[in-house]
Amino acid sequence: MADLKTSFLGISSPNPFWLASAPPTDKAYNVNRAFEAGWGGVVWKTLGEDPHIVNVSGPRYSALHSNDRRVIGFNNIELITDRPLKTNLDELRQVKKDWPDRALIASVMLPMNAESWTKYIPMIEDTGVDGFELNFGCPHGMSERGMGAAVGQVPEYIQMATEWAKQAASVPVIVKLTPNITNIVPPAKAAQDGGADAVSLINTINSIMRVDYDSLTMYPTTDGMGTHGGYCGEAVKPIALNMVAEIARTRELAGLPISGIGGITDWRDAVDFLALGASNVQVCTAAMVYGFKIIDDLVDGLSNFLDDKALTFDQLVGKAVPSVTDWQHLNLNYIEKAVIDQDLCIQCGRCHVVCEDTSHQAITNSVDGVRRFEVLDDECVGCNLCVSVCPVDGCISMQQLTSGNDPRTGSAITEEKLRWTEHPNNPMRKMD
Amino acid sequence: MADNERIKAGRLNKSEIDEGFLDLHPPLPRSEALIEADRCYFCYDAPCTIACPTGIDIPSFIQKIRSDNIRGSAHTILSENIMGGMCARVCPTEILCEEACVRNTHEEKPVEIGLLQRYATDPILESGTQLFERSARSGKKVAVVGGGPAGLSCAHRLAVLGHDVVIFNRDSKAGGLNEYGIAAYKTVDNFAQKEVDYILAIGGIELRNESPLVSAGDLDKLRKNYDAVFVGIGLGLSNELGIEGEDLPGVENAIEYIADLRQAADKSQLPVGRNVVVIGGGMTAIDVAVQSMRLGAENVHMVYRRGPDEMSASGFEQALAQTSGVTIHHWASPARIVGNGHVESVEFKEGLKLPADVVFKAIGQALSAEGYGALQQDSGRIKVDVQQRTSIPNVWAGGDCVAGGDDLTVSAVQHGKIAAIDIDRQLRKT
Ligand SMILES: Cc1cc2nc3c(=O)[nH]c(=O)nc-3n(C[C@H](O)[C@H](O)[C@H](O)COP(=O)(O)OP(=O)(O)OC[C@H]3O[C@@H](n4cnc5c(N)ncnc54)[C@H](O)[C@@H]3O)c2cc1C
Ligand SMILES: Cc1cc2nc3c(=O)[nH]c(=O)nc-3n(C[C@H](O)[C@H](O)[C@H](O)COP(=O)(O)O)c2cc1C
Ligand code: SF4
Ligand code: SF4
Ligand code: SF4
């Protein structure tokens, strides 16, 4: 079994799976159960100043379901901790004592003035926590009060608050970023400039789940009125992965450690984040949907994968980052065609109809009067749509053309690369 | 049927009998229907639709179940097959749509199309929600002879297309074999009549029960008095064995016994033999055998002259008989029926001999052609073309009474529909 013991910013944990700051880490009771189940660390539910906030006493959560009610996406309007600071601090102290080998991080959200940070950070650190995470991401409620995403959306504020936190703290400080921005790089840069030891991302995405089809109000509501929430769970993973990869491949941000968050449900999701540059991961929704036991698959799935690939954990981190680039650098001379394995094909015809209706009319529906689905190489543009919709895994594959002519364009296949930057159709092309 | 020591009611108590006649395929609850609907791939030019004799757009109706658009789903079904509710219960789906489902290739388990079809249509029939509107009245009048699936389907489509219809039906209820033939556990809770009511609710259809048309003069009159005639009279005769002892008391036509069973208010009052022998290998044979078992017969033997593959009852039906406790014998033909004042046993040419209190003849039905001799026939049934036209102008026919069919409810519905569309086309020409 590959060793999953990791050290993130010098904070060690038996595995790289932490529970994200959220209901699973709300209090000692939950956290004790999580540690008993095997989680490597927790980021405690975000602490704030007293008097503590209050939550609505109606629906906080709602979900996007598949037909068999699998939760695909998840929405919440919960605020930060709704318990007194002292209660949280007492429990943090006890938990750290009881679980010395696990990572214990305090998430904090404080008003935008230096005094608050100078006052609270040492008080919290005194409980023995291993580090801080600054919540600049909560997109609802707290942002209306000038905190959370209201800070995370203004790089200058991020930098300022990070500096205050760093001055007051002697343990590492992680800055948790909001995805509710147009470009993730400036906020990450601001965190780095403020002295952050790492960034974590993503927090939740502004969302309204749906309307109620009877009342035609938004859904869910509190006494007839609703407000946007934060979206998370499996559906947000691709958005999170892009932001993680953007940070990981930005030269100015090189070396800034990333804690990856967003939709992680099984070990493969963790591999995605790690290979794209995160060096540890956090989970919230999957635990809220299935309970803490999912840690079993996360841990031994990742470990078996590393064994199969003969990689160490550290070798996996960032492995896929060099493969991420800008569109303009893709090789436009590279050609693939779809190939259907007729032995696997169950003849549903989906590939035909989607290519016919919405792509390039490149798949037959019959050959010599018999129902049969075959790719016409002289029409196929290699778009991967048919592969995406075919219900049989592995039935359609994309295969590279390596010699001869592309039957679609008639041009000869060449090993020479042609990028948009040099393409004759590009009016702005760079001439050598 | 006689009620005596050998053949009597009450071999099982009422609750045991009720249990045996519960819904064979209970309806899916919403949760299961949604999961099952999710299994459909929404195929292009779907093989299941091609395999459905009425051509229901199956992927579309399943898609609509997924989105809780039940009215839309039922409309997709009923606009091709107005008896989509009954067909969902009685179609041998394993040799029709579900056999063609591409999921068979993938995992040898088709989408449960029949159960989904029932899920979509039940609430509409239950609530009587009208999904169809009649076109502007054409002023034309069509006579439909026979109120079974073929006749009702034809009448409904004609009514939708704006024509007025009179149905002349022999029996005291409409529905044909849906009401008098199909196994009771396939159509519980008087569903056949609910469906008839739903079909008639479109308006423009006058149903005349107990109005058989049995003379050549009748047909001539109809042709004179109506703009078109559709004949859907089913098969009125049961085939005979033609062997010694066939007239002994206790030798019965399966069809008649089933009709009594279907009409019985209390099945525990039905007389049933202790030892029952069924001769035949079709759906009727299976149904009478299984239902006898469920009424309390101790031994039911079904004897067929050829092998399992030649049986017209599907594999599912054969398995149902076997799991119900029926013993099936193949490759045996009856030689004579033996008894003294009452049947006692059946002897077969191959040497098999079975004791019997009751012998059911279920070796097929034939067209009762009386009154229809003017219509050209083909292998004992009415000859029609692809538009269901008979040899006589302005007379169409469909269902079991025509040649070349497969004696299924769904096919009868399709014949009625095709005929109605062609009749409409003809009537609009003149
Ligand atoms: C026991 C049994 C079980 C079956 N099980 C199944 C099954 O599970 N699934 C399946 O798909 N199919 C089954 N079938 C076949 C199916 O019932 C028939 O194919 C279908 O009912 C044919 O419809 P139809 O309208 O042609 O005739 P019928 O249903 O026979 O209806 C004929 C109608 O015409 C009327 N009629 C008859 N003669 C005259 C006349 N001279 N004048 C006026 N009216 C007349 C009758 O009153 C009746 O209403 C079964 C058949 C039997 C006998
Ligand atoms: C109900 C709920 C409450 C949350 N509360 C907090 C919070 O107090 N502080 C915080 O930093 N993030 C909070 N989050 C965000 C999560 O920590 C996490 O960033 C986000 O849900 C994405 O990860 P996931 O897809 O694994 O859930 C909350 C999320 C949920 C669902
Ligand atoms: S890759 Fe795209 S163009 Fe080619 S066959 Fe598939 S869907 Fe059509
Ligand atoms: S989508 Fe896949 S299974 Fe369906 S016809 Fe195309 S290749 Fe065959
Ligand atoms: S063949 Fe099966 S999977 Fe395809 S549309 Fe029909 S029911 Fe759905």
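All values reported here derive from a predicted model rather than from experimental measurement.

Peer 1: Would you take a moment to explain the overall build of chain B for this structure?
Peer 2: Across its full length, chain B carries 17 helices and 19 strands. Here the C-alpha atoms of chain B give a radius of gyration of 22 Å, agreeing with the 22 Å that 2.2 N^0.38 yields for 430 residues. Oriented by its inertia axes, the alpha-carbon framework of chain B measures out at about 65 × 55 × 35 Å. The proportion of buried residues among the 430 residues of chain B is 56%. When contacts within chain B are restricted to residue pairs at least 6 apart in sequence, those whose partners lie at least 24 apart make up 73%. Accessible surface computed for chain B: about 17700 Å², of which carbon and sulfur atoms make up 47%. Distance from the positive charge centre (43 side chains) to the negative charge centre (58 side chains) of chain B: 5 Å.

Peer 1: Where do I start with the pairing of strand E6 (residues 71-76) of chain A in this structure?
Peer 2: Looking down a regular strand, the side chains alternate between one sheet face and the other. Residue and element names in this part refer to chain A. Summarising burial for E6: five of the six residues are buried, a large majority. Here strand E5 (residues 61-65) hands over to E6 after five residues, with Arg69 in that stretch at a positive phi of 65 degrees. Sheet topology places E6 next to strand E14 (residues 229-232); three bridges connect them, and they run antiparallel. Residue Asn76 lies in a different strand from E14, and its bridge partner there is Gly230.

Peer 1: What's the story with the side chain of Asn55(A) in this structure? I'm lost.
Peer 2: Residue and element names in this part refer to chain A. Tracing the chain through its elements places Asn55 in the loop between strand E4 (41-47) and E5. In this structure Asn55 comes out as buried when scored by relative accessible area, which is 14%. If we skip the residues at most four places from it in the chain, Asn55 touches Arg60, Ile77, Glu78, Leu79, Ile80 and Asp82.

Peer 1: Just to check I follow, could you spell out the domain arrangement of chain B for this structure?
Peer 2: Accessible area lost during the coming together of the parts is what is often quoted as the interface size. Residues and elements named next belong to chain B. Segmentation of chain B into domains returns domain 1 (7-19 + 239-364), domain 2 (39-127) and domain 3 (141-236 + 367-429). For domain 2 versus domain 3, the separation of C-alpha centres amounts to 25 Å. Taken together, the 21 residues of domain 2 in the interface contact 22 residues of domain 3. Of the roughly 1900 Å² buried at the junction of domain 2 and domain 3 (both faces included), carbon and sulfur atoms supply 72%.

Peer 1: Teacher, can you tell me more about the pattern of salt bridges here?
Peer 2: Proximity of charged atoms lets side chains of opposite charge pair with each other. With the rule as written, the count across this model stands at 45 salt bridges over all chains. For the salt bridge of Arg60(A) with Glu78(A), the shortest nitrogen-to-oxygen distance reads 2.9 Å. Placement of the pair is Arg60(A) in the loop between E4 and E5 and Glu78(A) in the loop between E6 and helix H2 (85-98), with a sequence separation of 18 residues. Each of the salt bridges in this network shares a partner with another, and the network as a whole consists of Asp23(B), Arg89(B), Arg118(B) and Asp122(B).

Peer 1: What exactly am I supposed to notice about the interface of chain B and chain A here?
Peer 2: Facing 13 residues of chain B, the contacting portion of chain A comprises 14 residues. Here chain B packs against chain A, burying approximately 1200 Å² in sum over the two surfaces, 59% of which is carbon and sulfur. On the chain B side of the contact with chain A, Tyr41(B), Tyr44(B) and His106(B) bury the most area, a combined 49% of that side's loss. As a salt-bridge pair, Asp45(B) and Arg371(A) come within 4.0 Å of each other at their nearest N and O atoms. Taken together, the links from chain B to chain A amount to six residue pairs in polar contact (both at pLDDT 80 or more). Of all elements in the fold, only helix H2 (30-38) and helix H8 (103-107) of chain B reach the threshold of two or more residues within the side of chain B that touches chain A. Residue contributions to the side of chain B that touches chain A peak at three residues, all from H2(B).

Peer 1: Honestly, the state of the cysteines in this entry has me stumped. Any pointers?
Peer 2: Note on terminology: a disulfide is the covalent bond linking the sulfur atoms of two cysteines. Residue and element names in this part refer to chain B. Under the defined criterion, the tally for this structure stands at zero disulfides over all chains. In this model Cys401 remains outside any disulfide bridge; the closest cysteine sulfur is found in Cys154, 11 Å from its own. Overall, the relative accessible area of 0% leaves Cys401 in the buried class.

Peer 1: Even after reading the chapter, I still don't get unusual backbone geometry, so can you show me in this structure?
Peer 2: Glycine aside, residues mostly have negative phi angles, and peptide bonds mostly take the trans form. Residue Asp50(A) is joined to Pro51(A) through a cis peptide bond whose omega torsion reads -10 degrees. Note that Pro51(A) resides in the loop between E4 and E5. The omega torsion of the bond from Tyr219(A) to Pro220(A) falls at -5 degrees, within 30 degrees of zero and hence cis. Here Pro220(A) is to be found in the loop between strand E13 (218-219) and E14. Of note in this structure, Leu9(A) is not a glycine but carries a positive phi near 60 degrees. Note on placement: Leu9(A) falls in the loop between strand E1 (6-8) and strand E2 (11-13). Even without being a glycine, Asp68(B) presents a positive backbone phi close to 60 degrees. Here Asp68(B) shows up in the loop between helix H4 (58-66) and helix H5 (70-78). Overall, the relative accessible area of 41% leaves Asp68(B) in the partly exposed class.

Peer 1: Before we go on, may I ask you to explain the nonpolar core in this structure?
Peer 2: Side chains of nonpolar character tend, in soluble globular proteins, to be buried together. In terms of nonpolar packing, the biggest core is built from 84 residues, with Trp39(A), Trp117(A), Phe132(A) and Leu201(A) touching the most fellow members. It is helix H7 (residues 237-248) of chain A that contributes the most residues to this core, six residues altogether. Residue contacts for Trp39(A): discarding those within four places in its chain leaves Asn15(A), Phe17(A), Trp18(A), Leu19(A), Ala34(A), Arg102(A), Val283(A), Phe292(A), Ile294(A), Ile295(A) and Leu298(A). One finds Cys355(A), Val111(B), Val160(B) and Ile205(B) within the second-largest nonpolar core, a separate group that totals 82 residues.

Peer 1: So what exactly am I meant to see when it comes to the site of ligand 5 here?
Peer 2: Cys40(B), Tyr41(B), Cys43(B), Ala46(B), Cys48(B), Pro59(B), Cys101(B), Val102(B), Val111(B) and Ile113(B) make up every residue found near ligand 5. Looking at the shell around ligand 5 residue by residue, the classes come out as ten nonpolar, no polar and no charged.

Peer 1: Help me understand the sheet that holds strand E15 (residues 258-261) of chain A, please; the structure alone is not making it clear to me.
Peer 2: In sheet architecture, strand pairing relies on hydrogen bonds along the backbone and comes in two forms, parallel and antiparallel. All names here are of chain A. The strand order around the closed barrel built from eight strands is E3-E4-E7-E8-E9-E10-E15-E16, with neighbouring strands paired in parallel fashion. Neighbour-to-neighbour, the strand axes of the sheet open up by a mean angle of 25 degrees, direction not taken into account. As defined by bridge partners, strand E3 (residues 17-19) adjoins strand E16 (residues 280-283) across three bridges and the pair is classed as parallel. If you follow Leu19 over to E16, its bridge partner there is Val283. Docked against the sheet, helix H8 (residues 267-275) engages E3, E15 and E16, running at close to 135 degrees with respect to E16.

Peer 1: How should the sheet that holds strand E3 (residues 164-168) of chain B be read in this particular structure?
Peer 2: All names here are of chain B. Taken in spatial order, the five strands make up an open sheet running E4-E3-E2-E5-E19, and their pairing is parallel. Edge strands, defined here as strands with exactly one partner in the open sheet, are strand E4 (205-208) and strand E19 (395-397). Strand after strand, the sheet turns through a mean of 20 degrees between neighbouring axes, direction not considered. Relative to strand E5 (residues 228-231), strand E2 (residues 141-145) runs parallel, the two sharing four bridges. If you follow Val144 over to E5, its bridge partner there is Phe230. Packed onto the sheet, helix H13 (residues 216-225) meets E2, E3, E5 and E19 and runs at close to 140 degrees relative to E5.

Peer 1: Would you explain the packing of helix H5 (residues 155-168) of chain A against helix H6 (residues 185-193) of chain A in this entry?
Peer 2: The geometry of a pair of packed helices is captured by two quantities: the angle between their axes and the separation between those axes. Residue and element names in this part refer to chain A. Following both chains from N to C, one finds H5 and H6 inclined at 25 degrees, their axes separated by 8 Å at the closest point. Taken together, the axes of H5 and H6 are roughly parallel relative to one another. For H5 against H6, the interelement crossing comes out right-handed. Of H6, the residues touching H5 (which contributes Pro155, Ile158, Gln159, Thr162 and Glu163) are Pro186, Pro187, Ala190, Ala191 and Asp193. Looking at the contact of H5 with H6 residue by residue, the class counts come to six nonpolar, two polar and two charged.

Parameters at a glance
Residues numbered from 1 in each chain as written. Chains lettered and ligands numbered in written order. Predicted model: local features only at pLDDT ≥ 70, side-chain atom pairs only at ≥ 80, totals over all residues. Heavy atoms only, no water. Helix = DSSP H or I, 4+ residues; strand = E, 2+ residues; numbered from the N terminus. Rg over C-alpha atoms; globule rule 2.2 N^0.38 Å. Buried < 20%, exposed > 50% of the residue type's maximum accessible area, 1.4 Å probe, protein only. Contact = heavy atoms within 4.5 Å. Areas by Shrake-Rupley, 256 points an atom, 1.4 Å probe, with all protein chains shown as cover. Lys, Arg positive; Asp, Glu negative; His and termini not counted. Charge placed at Lys NZ, Arg CZ, Asp CG, Glu CD. Pairing = 2+ DSSP bridges. Domains from an automatic or database assignment. Buried area = accessible area lost by both parts, 1.4 Å probe. Salt bridge = Lys/Arg side-chain N within 4 Å of Asp/Glu carboxyl O. Polar contact = N/O pair within 3.5 Å; in protein donor to acceptor, adjacent residues only side chain to side chain. Disulfide = S-S within 2.5 Å. Core = buried A, V, L, I, M, F, W, Y, C linked by side-chain atoms within 4.5 Å. Near = heavy atom within 4 Å. Nonpolar A, V, L, I, M, F, W, Y, C, P; charged D, E, K, R; others polar. Axes fitted to C-alpha atoms, helices over the stretch in contact; angles between N-to-C directions. Parallel < 35°, antiparallel > 145°, perpendicular 65-115°, else oblique. Left-handed = near helix turned anticlockwise from the far one by under 90°.

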